[in-house]
Amino acid sequence: MAAVLWEAKEGLATLTLNLPAKLNPIALDLQHELRAALARVREDRGVRAVVLTAAGKAFCVGADLSAMRPPEANETLGDQTAKWMQSVSNPLIEELRALPVPVVCAVNGAAAGAGVGLALAGDVTIAAKSAYFYLSFLPKLGIVPDLGCTWIIPRLVGPARAMGMSLLDERLGAERAAQWGLIWACVEDDVLLLEAQQLAQRLARLPAHAVIEARRAFEASARHTLPEQLHYESERQRELLNRPSFAEGVAAFLQKRAPEFPGRQA
């Protein structure tokens, strides 16, 4: 059985984590298949947006502790895990964040441990009302949050709430997650996938480079002073105003119609 399902229709690729009997742990085989699916998205210029979701009652419950293998000779468990993270898990998050198309994560149930990092690595995250986010790392295991949690969460909700999530051993329900700004929206369970696909279809109509520019601009702002970021913005406008998408946007505005932007070129 495939650990990740792929479905593509009208420019929208839906990737579904598919180990529901085990609540979709982020096992190595799932990670390898998800990276292969992301490579397929990169190669298929007909794909203009992605929905990432999961089958069953949970989105992703993090590491499958029951399946941890004994380390190889002359290697500690920590050595082995760090090696796997650096060769597989970390590239997975980096590749997801670098996709040339928008990514909507649809969290259908529990997102725990590393599953939180995966759920928040897209561009827009929505969750079913029954879903929750749980950082079990430090309270239960004495290890730090990973898969980007320590980078993403404080940028979304601030350091105080990030610390609380990390230390207080509490589940954060989807409704509160939306109130905090951790996710874009909380929706009824039975319309989650439909809402995610409709969002992705809206994003697919953007200029092909829009999501890349948005990611880079907000990431740059985290390391810039205000004058530096103002300069960054003006330099991006120097290039972007000369692209066909801007001319199309202006023409559509003047003609009182929706713009029609070309698809991906690369």
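Residues numbered from 1 in each chain as written. Predicted model: local features only at pLDDT ≥ 70, side-chain atom pairs only at ≥ 80, totals over all residues. Heavy atoms only, no water.

> Let's hear about the state of the cysteines: which residues, and what values?
Inspection of the entire model under this criterion finds zero disulfides. The thiol sulfur of C105 is not disulfide-bonded, and the nearest other cysteine sulfur, from C60, lies at 11 Å. Judged by its relative accessible area of 0%, C105 is buried. With no disulfide of its own, C186 lies closest to C105 among cysteine sulfurs, the gap being 16 Å. (Disulfide = S-S within 2.5 Å. Buried < 20%, exposed > 50% of the residue type's maximum accessible area, 1.4 Å probe, protein only.)

> I'd like to hear about a nonpolar patch on the surface, residue by residue, with values.
A surface patch of nonpolar side chains, about 440 Å² in accessible area, is lined by L65, M68, L77, L141 and I143. Counting through the fold element by element, L141 comes out in helix 4 (residues 137–141). (Patch = residues over 30% accessible without salt bridge, like charges linked within 9 Å, V, L, I, M, F, W, Y side chains within 5 Å. Areas by Shrake-Rupley, 256 points an atom, 1.4 Å probe, with all protein chains shown as cover. Salt bridge = Lys/Arg side-chain N within 4 Å of Asp/Glu carboxyl O. Helix = DSSP H or I, 4+ residues; strand = E, 2+ residues; numbered from the N terminus.)

> Lay out empty space enclosed by the protein in plain terms, naming residues and giving numbers.
For the structure on display, the rule yields one cavity of 30 Å³ or more. When its volume is computed, the largest cavity comes out at roughly 60 Å³. Surrounding the largest cavity, R48, P100, V101, P102, L203, A204, L206, P207, A208, A210, V211 and R264 form its lining. Of the residues that constitute the lining of the largest cavity, the class distribution is ten nonpolar, no polar and two charged. (1 Å grid on protein atoms, 1.4 Å probe; cavity = no way out; pocket = protein on both sides within 12 Å on 5 of 7 lines; lining within 4 Å. Points joined across faces, edges and corners; volume = space filled by probe spheres on them. Nonpolar A, V, L, I, M, F, W, Y, C, P; charged D, E, K, R; others polar.)

> Which residues make up the environment of V4, and what values do they have?
Note that V4 resides in strand 1 (residues 4–9). With a relative accessible area of 10%, V4 lands in the buried category. Considered as a pair, V4 and A110 are 106 residues apart in the sequence and their alpha carbons are 18 Å apart. Contacts of V4, omitting those with residues within four sequence positions, involve L15, T16, L17, N18, L30, E33, L34 and A37. (Contact = heavy atoms within 4.5 Å.)

> Give a description of the nonpolar core that names residues and reports values.
Grouped burial of nonpolar side chains is what soluble globular proteins tend to show. Core analysis: the biggest nonpolar cluster contains 50 residues, and L17, F59, F133, I153 and L182 have the highest contact counts within it. Here this core takes five residues from helix 1 (residues 28–43), the largest share from any one element. Setting aside residues up to four positions removed in sequence, I153 forms contacts with V116, L120, L135, G158, A162, M165 and L182. Core analysis: the second largest hydrophobic core is formed by 15 residues, I126, A128, A200 and A204 among them. (Core = buried A, V, L, I, M, F, W, Y, C linked by side-chain atoms within 4.5 Å.)

> Could you give an account of the environment of A131, naming the residues involved and the relevant values?
Position of A131 among the secondary structure elements: in the loop between strand 7 (124–128) and strand 8 (132–134). Since its relative accessible area comes to 3%, A131 is described here as buried. Between the alpha carbons of A131 and A110 there is a distance of 5.2 Å; along the sequence they are 21 residues apart. Leave out the neighbours within four places in its chain, and A131 touches V107, N108, G109, G173 and A174.

> Lay out the pairing of strand 2 (residues 12–17) with the relevant residues and their values.
Regular strands have side chains that alternate between both faces of the sheet. For strand 2, the tally of buried residues reaches six of six residues, placing the bulk of the element in the interior. Burial along strand 2 is two-sided: the face carrying L12, T14 and T16 and the face carrying A13, L15 and L17 are both buried. Pairing between strand 1 and strand 2: six bridges, direction antiparallel. By the bridge assignment for strand 2, L5 is matched with T16. Where strand 2 and strand 3 (residues 49–54) come together, six bridges link them in parallel fashion. Counterpart to L15 in the pairing with strand 3 is L52. A crossover connection joins strand 2 to the parallel strand 3 through helix 1; in handedness this β-α-β unit is right-handed. (Pairing = 2+ DSSP bridges. Right-handed = clockwise from strand over helix to strand, strands pointing away.)

> Give me the lowdown on the pattern of salt bridges, citing residues and values where you can.
Following the criterion strictly, the structure yields twelve salt bridges and no others. Here E219 makes a salt bridge to R97, at a shortest N to O gap of 3.3 Å. Of the two residues, E219 sits in helix 9 (residues 210–221) while R97 sits in helix 2 (residues 77–97), which places them 122 residues apart along the sequence. Under the relative-accessibility criterion, E219 is labelled partly exposed at 30%.

Purely geometric numbers; function is a separate question.
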